[in-house]
Each structure stands twice: as C-alpha cells, then as structure tokens.
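# Remarks on the overall topology
Letter by letter, the chains look like this.
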Amino acid sequence: MNMRKLILLFIAVSFGLTMTSCLDGNQNFSESDIVYIDQQGSAIYGKTLSNRRLITSNQMILMDPGTFKFFHYSWEEENGYTQIGDVNVNNVVIQGDPVDIAKTYLQTNPVMEVEDPARFNEIREPIRDPEGVYFGDLWLFEYSYMGKEGETPVVTFNKRNSDEQYPDNVEIDIRLAKTGTPKEGAAERQMGDLISVDMRALRQMYAGQNKDVNIKFFYYVKDKEELNESRTTYLMRMKSSAQ
C-alpha cells in the first residue's frame with residue numbers, strides 16, 4: 001500500500017482516534033498522524049490532528065510552518081521534552097519520509113468557469129478550526145474523482161463576490177482540473193487525495209469585526225449537471241484584535 005492510500009485509509013477508518021501503541025503500561029507511544037507544522041519564535045513543532053499532541057524533532061527544523069504533513073513518529077520517556085513557551089513538547093523520532101499534504105490559497109476573485117468542468121466524486125467534510133487557533137486558518141479537505149495514471153489533480157477555491165462589506169454568509173466555489181498526460185492505455189479509475197486551503201484572506205476581510213461567518217461550498221459532482229451545494233454550513237468565527 002502506498003503512502004497516499006495509507007493516509008486516506010487513516011482518515012476513513014480512524015480519524016479522531018489515537019493510533020497509539022503503549023508499551024508495558026507506560027507513556028511511550030508510536031503512532032501515525034497528520035501533523036500541522038507550527039512555529040513559535042525560532043522553535044518549529046507539530047500539532048497532531050487525531051489526539052492534539054504537541055511534538056518536536058530535529059527532523060522538523062527544515063519543515064515549513066503553516067503546512068500539513070503525514071508521518072509516523074514515536075516517543076519514549078528517555079527522549080524527554082522541549083519547552084516551547086509555557087508548554088513541554090514531546091521530543092519524538094520520525095520514522096520514514098514525511099508526506100507533504102498539498103496546499104493552496106483561497107482566491108478572493110470569482111471563479112472562471114469552463115465549458116466541461118471536471119467533476120468530483122465526493123468532497124468530505126473539511127477539518128478546520130473555526131477560531132483559527134490550533135492550526136491557523138488552514139482547512140483540510142479529502143476528495144475523490146475519476147482519473148487516469150499520469151494525470152495530476154488541481155483544486156482551486158474562489159470566493160464569490162458579495163454586495164455587502166461584511167456579509168454573514170460567504171459562498172466559495174471549489175473546482176477540479178486535471179493536468180498532465182495520461183499513461184498510454186491507462187484506464188479511468190477512482191482516485192483520492194488531500195488538499196489544505198489557506199483561508200486567511202477571508203479572515204483578513206473581516207479585520208476588526210466580531211462576527212460568525214457562515215460558509216457554503218459549491219462544486220461539480222459526477223452524474224449531476226448543476227452545481228452541488230455543501231449540505232453543511234461551516235462556521236468561521238471572526239474576532240477583533242481587541243478581544
């Protein structure tokens with residue numbers, strides 16, 4: 001099983017549950033997780049998604065803050081901790097090569113439609129922090145589509161225009177395109193991937209405002225002609241700097 005399939009399996013089967021092996025009843029752990037890379041001062045560390053551990057490692061020094069990675073890591077009591085701010089962070093050992101989760105940015109201009117847009121099979125509910133605290137305004141999406149070997153998916157996010165300066169409701173278009181040349185003789189099959197989108201541009205539009213903003217997503221899905229609207233409305237909580 002390749003690493004991409006392992007990540008998707010991890011999300012589908014056990015997201016929200018720890019994948020921990022405890023040895024001899026002590027606090028040692030060995031687990032795989034999606035990790036948000038953060039920075040405080042010169043210290044770079046990780047925040048795990050499934051159990052919200054804080055971890056750090058020498059291997060993280062060259063990782064870019066504000067990104068998601070997937071990797072396996074372990075900790076034993078003899079590894080100790082590093083103090084970052086007022087918190088003790090586990091010094092872990094990373095096994096294998098971390099996998100980068102693709103990242104894109106919310107565009108504040110409307111989407112440019114094409115005649116025959118590529119369609120998603122499904123977009124699952126995003127993992128996000130409405131307050132923008134734990135992993136900033138990076139929202140993580142899992143999606144699937146029909147593609148061929150040799151093709152690369154490109155996913156974009158575009159905010160629709162509004163007549164209001166600070167609207168209560170925001171609509172965002174998600175679009176899929178496929179680049180690259182399919183391998184000769186490749187059959188179309190279901191594929192899946194993850195992408196994170198940086199939503200800071202939206203928060204910046206509400207600078208100085210105290211408001212709960214409701215977000216809906218619109219995208220094309222297989223076997224449906226009209227745009228699909230997300231069944232859930234997602235909250236982004238805006239706060240003025242004074243709070």
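Residues numbered from 1 in each chain as written. Predicted model: local features only at pLDDT ≥ 70, side-chain atom pairs only at ≥ 80, totals over all residues. Heavy atoms only, no water.

What follows is about a negative patch on the surface. A cluster of acidic residues, Glu-115, Asp-116, Glu-225 and Glu-226, forms a negative patch at the surface. Along the chain, Asp-116 turns up in the loop between strand 8 (102-105) and strand 9 (120-123). The exposure class assigned to Asp-116 is exposed, which follows from its relative accessible area of 67%. (Patch = residues over 30% accessible without salt bridge, like charges linked within 9 Å, V, L, I, M, F, W, Y side chains within 5 Å. Areas by Shrake-Rupley, 256 points an atom, 1.4 Å probe, with all protein chains shown as cover. Salt bridge = Lys/Arg side-chain N within 4 Å of Asp/Glu carboxyl O. Lys, Arg positive; Asp, Glu negative; His and termini not counted. Charge placed at Lys NZ, Arg CZ, Asp CG, Glu CD. Helix = DSSP H or I, 4+ residues; strand = E, 2+ residues; numbered from the N terminus. Buried < 20%, exposed > 50% of the residue type's maximum accessible area, 1.4 Å probe, protein only.)

When the pLDDT values of the chain are averaged, the result is 89; 88% of them are 70 or greater. Note that pLDDT drops below 50 for residues 12-21; the model gives that stretch 24 contacts with residues more than four away or on any other chain. (pLDDT = per-residue confidence, 0-100. Contact = heavy atoms within 4.5 Å.)

Attention shifts here to the side chain of Lys-159. For Lys-159, the position within the fold is in strand 11 (residues 152-159). In this structure Lys-159 is buried but unpaired, with Glu-171 as the nearest side chain of opposite charge at 9.2 Å. Those residues in contact with Lys-159 that sit more than four places away from it in its chain are Leu-106, Gln-107, Thr-108, Asn-109, Pro-110, Val-170, Glu-171, Ile-172, Leu-202 and Met-205.

Moving on, we get to the sheet that holds strand 1 (residues 29-40). Read from one edge to the other, the open sheet built from seven strands follows the order 5-6-3-2-1-4-7, with strand pairing classed as mixed. If you trace the sheet from one side to the other, it starts and ends with strand 5 (81-84) and strand 7 (93-100), each paired once. Between one strand and the next, the sheet's axes are offset by a mean angle of 40 degrees, whatever the strand orientation. Summarising the sheet, strand 1 and strand 2 (residues 43-48) pair through six bridges and their orientation is antiparallel. What sits directly across from Gln-40, in strand 2, is Ala-43. (Pairing = 2+ DSSP bridges. Axes fitted to C-alpha atoms, helices over the stretch in contact; angles between N-to-C directions.)

One open sheet holds the four strands; their spatial order is 8-13-10-9, and the pairing between them is mixed. At either margin of the open sheet sits one strand with a lone partner, and together these are strand 8 and strand 9. Averaged over all pairs of adjacent strands, the angle between their axes in this sheet comes to 35 degrees, without regard to strand direction. Summarising the sheet, strand 9 and strand 10 (residues 138-147) pair through three bridges and their orientation is antiparallel. Considered in strand 10, the bridge of Glu-122 is made with Ser-144.

What follows covers the packing of aromatic side chains. Each aromatic ring pair is described using two quantities: the centre-to-centre distance and the angle formed by the ring planes. Taken as a whole and assessed by the stated rule, the structure comprises 17 aromatic pairs. When the centroid spacing of 5.7 Å and the interplanar angle of 20 degrees are considered together, the rings of Phe-29 and Trp-75 count as stacked. Here Phe-29 is found in strand 1, whereas its partner Trp-75 is found in strand 4 (residues 67-75), with 46 residues between them in sequence. Under the relative-accessibility criterion, Phe-29 is labelled buried at 5%. For Trp-75, a relative accessible area of 3% translates into the label buried. Over the face of the ring belonging to Tyr-134 we find Lys-47, whose NZ or CZ atom lies 5.2 Å from the ring centre. Directly above the aromatic system of Phe-218 lies the positively charged group of Arg-160, at a separation of 4.1 Å from the ring centroid. (Phe/Tyr/Trp six-rings, centres within 6.5 Å; stacked < 30°, edge-to-face > 60°. Lys NZ or Arg CZ within 6 Å of the ring centre and 35° of its normal.)

This paragraph deals with unusual backbone geometry. The phi dihedral of Arg-52 is positive, around 55 degrees, even though this residue is not glycine. Among the structural elements, Arg-52 can be located in the loop between strand 2 and strand 3 (54-56).

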